[in-house]
Amino acid sequence: MESLSGLKVVMTPKAVVTAATGGIGLHTALGLTRAGYAVTVVGRNPERGAQAVEKINAEAGEPARFLQADLASLDQVRALAATIAAEGELDLLVNNVGAMYPDHTELDGVEATFVVNHLSPYLLTELLLPVITRRIVNVTSSAVIVAKKTFDTVEPPGGYYGFHWYGRAKLANLTYTLDLAQRLRARGSGITVLAADPGGADTDMTDGSSRTPQIVSPALRLFWPLVLRTFQRATSRPAALAAQPSLRAATDDTLPTGTVIGRHSTPVTPTKTATDPRTVHAVRALSEKHAPLHRVTDEVSN
Ligand SMILES: NC(=O)c1ccc[n+]([C@@H]2O[C@H](COP(=O)([O-])OP(=O)(O)OC[C@H]3O[C@@H](n4cnc5c(N)ncnc54)[C@H](OP(=O)(O)O)[C@@H]3O)[C@@H](O)[C@H]2O)c1
């Protein structure tokens, strides 16, 4: 930017990282601060928010701040988006929020895994698109490979198994991510859209929700001790390491839009289902239906 005196004014780039008061999100926020971003940390708990900001601000760099929002509530997602959008341009959005529910849970009548892992980041992204200038990173998971690949309805037929439904919600979000990348490229928007797979880490999520056999299908339950050992091995890495794929996706300007960064922080080929036109259309329809950009009440009052 050119100032009136002819001197170049260097603006500090702004980033928002969701679910960043702990786990992989906190390390992503720390890495972005080191890379020169002024980071907004989003989380539910103000105490954890204050601690995260203190930890980030202990690094020399742009001061961070905390915004409170429960991203399991689409109303709170809308309020968060309104607050951020009112502040003007945003360089980078990292949709890091994710959750796995051991038991079938509903949020405002919609299955919770689908809400938190897909509808919430979808809605935040769509509402912030007018102010995002540079990049969007959506955090995915290798659990997409165990997903039921049918998206006619929010809930697939058959019983509820948290891990498989988590994978399916992440698959919906990966599908959306690649679809968005293509749509924005076609529009010549200049915004780069990427997905990043942390690959597994020892965090609150893996400690709290992946320790019970009911999260996997009855067939896998027969081998539960083996499945549990595999989970434990896969999620034993420190969160700081698991944040590296998100950080590469967020900061490497040579990566083309639509790239998926895998657990080793290198580009990987996404599962074919995520670009299957049937999945793309079904996910688009479900997203628009269950996370409308305008609430019905807004439409009535406007
Ligand atoms: N850990 C793994 O092995 C692994 C593997 C593959 C992919 N992933 C993905 O990586 C991302 C981060 O995972 P993680 O393991 O770091 O998760 P985590 O341990 O659950 O993350 C903790 C953070 O999430 C915030 N959070 C949780 N629910 C929230 C909500 N409803 N609204 C707002 N903030 C919320 C917490 O903030 P408050 O306490 O302040 O609410 C805290 O900052 C997720 O998308 C996850 O699916 C993780």
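First, a word on what this report is: a plain description of the structure on this page. Within each chain, residue numbers correspond to sequence positions counted from 1 in written order. Note on the predicted model: pLDDT of at least 70 is required for a residue's local features to be given, and 80 or more for side-chain atom pairs to be given and counted; whole-chain, interface and lining totals, by contrast, use all residues. Excluding hydrogens and water, the side-chain figures rest on all heavy atoms present in the structure.

What follows deals with the overall build of the chain. Summing up its helical and strand segments, the chain has twelve helices and ten strands in all. Its C-alpha atoms give the chain a radius of gyration of 19 Å, near enough to 19 Å, the size a compact globule of 302 residues would have. Each principal axis of the C-alpha atoms in the chain carries an extent, and together these give about 70 × 45 × 35 Å. Taking all contacts inside the chain whose residues are at least 6 apart in sequence as the whole, residues at least 24 apart take part in 72%. Here the chain contributes 29 positively and 28 negatively charged side chains, and the mean placements of these two sets differ by 8 Å. Strands here mean DSSP runs of E at least two residues long; helices mean DSSP runs of H or I at least four residues long; both are numbered from the N terminus. Atoms counted for the radius of gyration: C-alpha only. Globule rule: 2.2 Å times the number of residues to the power 0.38. Every residue pair with non-hydrogen atoms within 4.5 Å of one another is taken to be in contact. A residue counts as positive if it is Lys or Arg and as negative if it is Asp or Glu; His and the chain ends are not included. By convention, charge coordinates are those of NZ in Lys, CZ in Arg, CG in Asp, or CD in Glu.

Should DSSP find at least two bridges between two strands, the strands are taken to pair. Sheet analysis places strand β1 (residues 14-17) next to strand β2 (residues 38-43), joined by four bridges and oriented parallel. Paired with Lys-14 across the bridge in β2 is Ala-38. Whether a crossover is right-handed depends on one test, that the path from the first strand over the helix to the second runs clockwise when the strands point away from the viewer. A crossover links β1 with its parallel partner β2, the connecting element being helix α1 (residues 23-34), and its sense is right-handed. The pairing of β1 with strand β4 (residues 90-95) spans three bridges and is classified as parallel. Of the residues in β4, the one forming a bridge with Ala-15 is Leu-92.

A cavity, in this analysis, means grid points on a 1 Å lattice covering only the protein atoms where a 1.4 Å probe fits yet has no way out; a pocket is instead an open set bounded by protein on both sides within 12 Å along at least five of seven lines, and a residue lines either one if it has an atom within 4 Å of a point. Grid points are joined across faces, edges and corners, and a volume is the space filled by probe spheres set on the points. Under the criterion given, the structure shown has one cavity of 30 Å³ or more. Here the largest cavity defines a volume of roughly 50 Å³. In terms of lining residues, the largest cavity is bounded by Tyr-122, Thr-175, Tyr-176, Asp-179, Arg-183, Val-280, Val-283, Arg-284 and Ser-287. Of all the secondary-structure elements, those providing two or more residues to the lining of the largest cavity are α5 (162-186) and α11 (277-290). When its residues are assigned to classes, the lining of the largest cavity shows four nonpolar, two polar and three charged. Amino acids outside the nonpolar list (Ala, Val, Leu, Ile, Met, Phe, Trp, Tyr, Cys, Pro) and the charged list (Asp, Glu, Lys, Arg) are all regarded as polar, and Gly is one of them.

A cutoff of 4 Å decides nearness: a residue is near a molecule or strand if any of its heavy atoms lies inside that distance of it. Looking at the ligand, there are 30 residues lining it, with Thr-21, Arg-44, Asn-96, Tyr-166 and Thr-203 nearest. Residues adjacent in sequence count toward polar contacts only when both atoms are side-chain atoms; beyond that, a polar contact is any pair of N or O atoms within 3.5 Å, and within protein one must be able to donate a hydrogen and the other to accept it. Between the ligand and the protein, one listed contact pairs an oxygen atom with a side-chain N or O atom of Thr-21 at 2.6 Å. Between an oxygen atom of the ligand and a side-chain N or O atom of Tyr-166, the distance comes to 2.6 Å. Of all the secondary-structure elements, those providing two or more residues to the shell around the ligand are α1, α5 and α6 (204-209). Per-element tally for the shell around the ligand: the top contributor is α6, with three residues. A class-by-class count of the residues in the shell around the ligand yields twelve nonpolar, 13 polar and five charged.

Glancing now at the pattern of salt bridges. Any carboxyl oxygen of Asp or Glu within 4 Å of a side-chain nitrogen of Lys or Arg constitutes a salt bridge here. Here the structure, examined in full by the defined rule, presents ten salt bridges. The salt bridge partner of Arg-65 is Glu-87, with a shortest N-O separation of 2.7 Å. Separated by 22 residues along the polypeptide, Arg-65 in strand β3 (residues 65-68) and Glu-87 in the loop between α3 (74-85) and β4 bring together distant segments of the chain. Here Arg-65 falls in the partly exposed class, since its relative accessible area comes to 30%. Residues Arg-183 and Asp-179 are paired through a salt bridge, measuring 3.5 Å at the closest nitrogen-oxygen approach. You can see Arg-183 and its partner Asp-179 sitting in helix α5, four residues apart, about one turn around the helix. Think of it in three bands: with a 1.4 Å probe and only protein chains considered, a residue is buried below 20% of the maximum accessible area for its type, exposed above 50%, and partly exposed in between. A relative accessible area of 26% places Arg-183 in the partly exposed class.

All right, on to the nonpolar core then. With 54 residues, the main nonpolar core has Leu-80, Leu-90, Phe-114, Leu-128 and Phe-151 as its most contacted residues. Judged by nonpolar contacts, the second largest core, of 31 residues, contains Val-94, Ala-201, Ala-243 and Leu-247. To form a nonpolar core, buried Ala, Val, Leu, Ile, Met, Phe, Trp, Tyr and Cys residues must be joined to one another through side-chain atoms within 4.5 Å.

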